[in-house]
Amino acid sequence: MALSPEIAAGSWYLLALAEDGSPAHQGTLRISLEDGRLCVSGDLYRAPPGISAADLPHHGERLTVDDSWFCQPNRSDYACHFRAMGGGLAGNTLTVQTRVFAWQPAVGSAASNRVGDFGSFADCVMTLGLQPSHHHHAAAAAAPVLAGSILCDGRPHALWAVKASAYPRGMRLVVHEMEGRPWPEDETHNARTLVDIYRKAGIDLHVIRPPEKLPADDSLIRSELDTMLADQVNRYAAGPLWIQHVFLVSSLNWSGLDGTGQFGNIAGLMFDNIDRHRQGAAVFLDADLASSVDELNTRIDQSVRGLPIGRSAQVTLRTMAHEMGHTLGLRHSPVDRAQNCGIMNQIQELLRIVDPATGPLFPAISRLEFDAVDSRNLSHRPDPEVCPGWGNWSVPPKGIEIGLQPDTGRTPGFKTDPVLDIRVSVRPANELAAEDAPASIKRSFDLGEPVFLEMTLRNITDAPITVPASVTLTDGLTEVAVMDPGAERRRLIGAAQTLCDGTEMVSLAPGARHRHILQLHSSGDDPVFTKVGDHVVELAVNTRERGWIEGPSVTVTVRADPPLSRSTSRITARRPFCDAMALGYLASYRGIEDTDILLRQPAYPLGARLAAGLLQIATFAASPATGKTRMSPMQPNAKRVQSAITALKQTGVTREAVIAIADAINPLTDSRSAIAKAIVENW
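Residues numbered from 1 in each chain as written. Predicted model: local features only at pLDDT ≥ 70, side-chain atom pairs only at ≥ 80, totals over all residues. Heavy atoms only, no water.

A. Structural detail: unusual backbone geometry. Looking along the chain, the bond that leaves Gly359 and enters Pro360 is cis, with omega of -5 degrees. By the element assignment, Pro360 lies in the loop between α5 (347-352) and α6 (372-380). Of note, the bond from Phe362 into Pro363 is cis; its omega dihedral lies within 30 degrees of zero at 10 degrees. With respect to the helices and strands, Pro363 occurs in the loop between α5 and α6. In this structure, Cys341 takes a positive phi of about 55 degrees despite not being glycine. Structurally, Cys341 can be placed in the loop between α4 (313-327) and α5. (Helix = DSSP H or I, 4+ residues; strand = E, 2+ residues; numbered from the N terminus.)

What follows is the structure in structure tokens.
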């Protein structure tokens, strides 16, 4: 038997041995086929002490009647996630250039949904060869075996793997039906269809339907849903790790949320307010299928328009699959993916692309499948981001994007044929802000000062190549990592957000160039540079035709923060901007959240806090006081403007100093800070 891509695809129980041959780590190696290419990822857990390597593969969960078996380690033993950066399959040997991300459990509030982060990472080489022997684990049939090693930090570690399933992951789903509101099914929309939907996306789903019914109730508030979920979680506490609950109930009463006492028209809900997070979803069978936008209602088929969704087996099934997707870490698909008509698209988005004259109407336009991006996330995201009940519900930008698949048949290596000339240089904020007199490039930065990377992409091939139109730390199209002074491992600081499908792409003609400015102030809520010394910054760009291309590394030198450099007496028209440029143009709600944090946290540099307040004002101002065109992508919000002004006053800085900062920010914000300046002048 040869190690063909079809044999390789699926999940493998993976065992890593210590130098003395004892088990060090165990976990899962996941392989899937995408357009003829292999996509590889995996998760490792610390092996329990006092157990032999021969015993481990016999401890697991046989999920279905098929020959599927899944490793069920303890979540507290989670150690790392890895993914392919390149590689190939030749003969009976799989070689994978692997990036291994170390897991760091979170320390903080027990109420937080964040259970940890992926911190440092190391690049390793994994080599596995097909063995002539087979292994009998918990599955019924003998399974193929791989053996080899992983070379990490210059040291080889022995690896052993046995094929566990044809699917990357497995999960149990418990469907709880309310008395009088059974699961509506027909010949083509039923439990078997739901299993097929998830198997196609890489999850071997096993549906459990307890005979006991939930008590009848015409409306439920959130606290009642939480109680239902807590009862069922406790009931199944001794069950396998991968388990999820879906409740088919009546309707959601908004009185539990906003006190109106009115019934909501929500079709489904993922809720996670108890102990472990993302374990339950509810589908409200009495909710009417209607759009809040009247003109869109004609795009819903008359057979289901205005009727409870429980009357339609197809709509109920799609709602179940959609809410389960949320529980497995998926967000709504971005609007630019509406044409995919996938399960994670919101119904409103699908209605907007319906042609009411020619159809098809909803629900016929909706495909009962996950699109390629969501399927890859379900199969290859790290366990903490997908496992029901674990937490880490989209903590940007800490998720790991699995876009770097090794091509089958290619020579193993990180890079494909060169297609882009990538030039990267370090730029200070004051140089970018200079309007007339050019400033020289700074060779070092103060601790806390924002650093910019100027990246120029040039197509050096004879054919067009598609590159990102813009880049940020969370767009999923650019990956930035930092090696801190004295550190042994690099840490990923951004552009690895799996739930974000990235920015728009542009076609770069042969010989054409495209320039980006990437701001490195903070990653999530954390400053990028927190140590004095030389930091090595690495960058890679995702291209549509050739995958990921790495650019040259650059060095950012950070020196100690001079005393009193951020006191109010030292603020000038240029200096504050060097301390400030607060997370770009606020083109997304994530940017708004970040500037809120900057503005209200005294621990951040004063200049950054002041600029954050100004950008908030410029974003939410109702109209330009200067007669200029309003540039903000957000809707005006007088309360947000007043809140930002109040926070600015609480810093104790004078109005004149804030106006000087508005002048300094102006060149990089398309004159939007002129709006903030005019408002602040009248505070």
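Right, picking up where we left off after that structure.
B. Representation of the sheet that holds strand β12 (residues 203-208) in the model. In space, the 5 strands of this open sheet follow the order β12-β11-β13-β15-β14, with mixed pairing throughout. At either end of the open sheet lies a strand with only one pairing partner, and these are β12 and β14 (268-271). Neighbouring strand axes in the sheet, compared pairwise and without regard to direction, differ in orientation by 20 degrees on average. Note: β14 against strand β15 (residues 280-284), 4 bridges, orientation antiparallel. (Pairing = 2+ DSSP bridges. Axes fitted to C-alpha atoms, helices over the stretch in contact; angles between N-to-C directions.)

C. Seen up close, the packing of aromatic side chains. This model, assessed by the stated rule, comprises 5 aromatic pairs. Measuring from ring centre to ring centre gives 5.5 Å for Tyr78 and Trp390, while their planes differ by 80 degrees; the resulting arrangement is edge-to-face. With Tyr78 in strand β6 (residues 78-90) and Trp390 in the loop between α7 (383-386) and β16 (420-428), this residue pair connects regions lying 312 residues apart in the sequence. Residue Tyr78 is classed as buried on the basis of its relative accessible area of 2%. Here the aromatic rings of Phe101 and Phe121 are separated by 5.5 Å at their centres, their planes lie at 40 degrees, and the arrangement is tilted. Residue Phe101 is located in strand β7 (residues 93-105), and its partner Phe121 is located in strand β8 (residues 116-135); the two are separated by 20 residues in the primary sequence. As far as burial versus exposure is concerned, Phe101 and Phe121 are alike and both buried. Here the guanidinium or amino end of Arg75 rests over the ring plane of Trp390, the centre of that ring lying 5.3 Å away. (Phe/Tyr/Trp six-rings, centres within 6.5 Å; stacked < 30°, edge-to-face > 60°. Buried < 20%, exposed > 50% of the residue type's maximum accessible area, 1.4 Å probe, protein only. Lys NZ or Arg CZ within 6 Å of the ring centre and 35° of its normal.)

D. Quick look at the state of the cysteines. For the coordinates displayed, the defined rule picks out 1 disulfide. Shown here is the disulfide that connects Cys124 with Cys152, its sulfur atoms set 2.4 Å apart. Placement of the pair is Cys124 in strand β8 and Cys152 in strand β9 (residues 143-152), with a sequence separation of 28 residues. In this structure, Cys124 and Cys152 share a single accessibility class: buried. Its sulfur unpaired, Cys80 is 8.7 Å from the next cysteine sulfur, which belongs to Cys152. Residue Cys80 is classed as buried on the basis of its relative accessible area of 9%. (Disulfide = S-S within 2.5 Å.)

E. Spatial organisation of the packing of helix α2 (residues 191-200) against α4. Where α2 contacts α4, the two axes come as close as 10 Å, and the packing angle between them is 40 degrees. By the angle class used here, α2 and α4 are oblique. At the point where α2 passes α4, the crossing takes the right-handed sense. Across the interface between the two elements, Thr193, Leu194, Ile197 and Tyr198 of α2 pack against Leu317, Met320, Ala321, Met324 and Gly325 of α4. Residues of the contact of α2 with α4, tallied by class, amount to 7 nonpolar, 2 polar and no charged. (Parallel < 35°, antiparallel > 145°, perpendicular 65-115°, else oblique. Left-handed = near helix turned anticlockwise from the far one by under 90°. Contact = heavy atoms within 4.5 Å. Nonpolar A, V, L, I, M, F, W, Y, C, P; charged D, E, K, R; others polar.)

In short, geometric facts, not functional conclusions.
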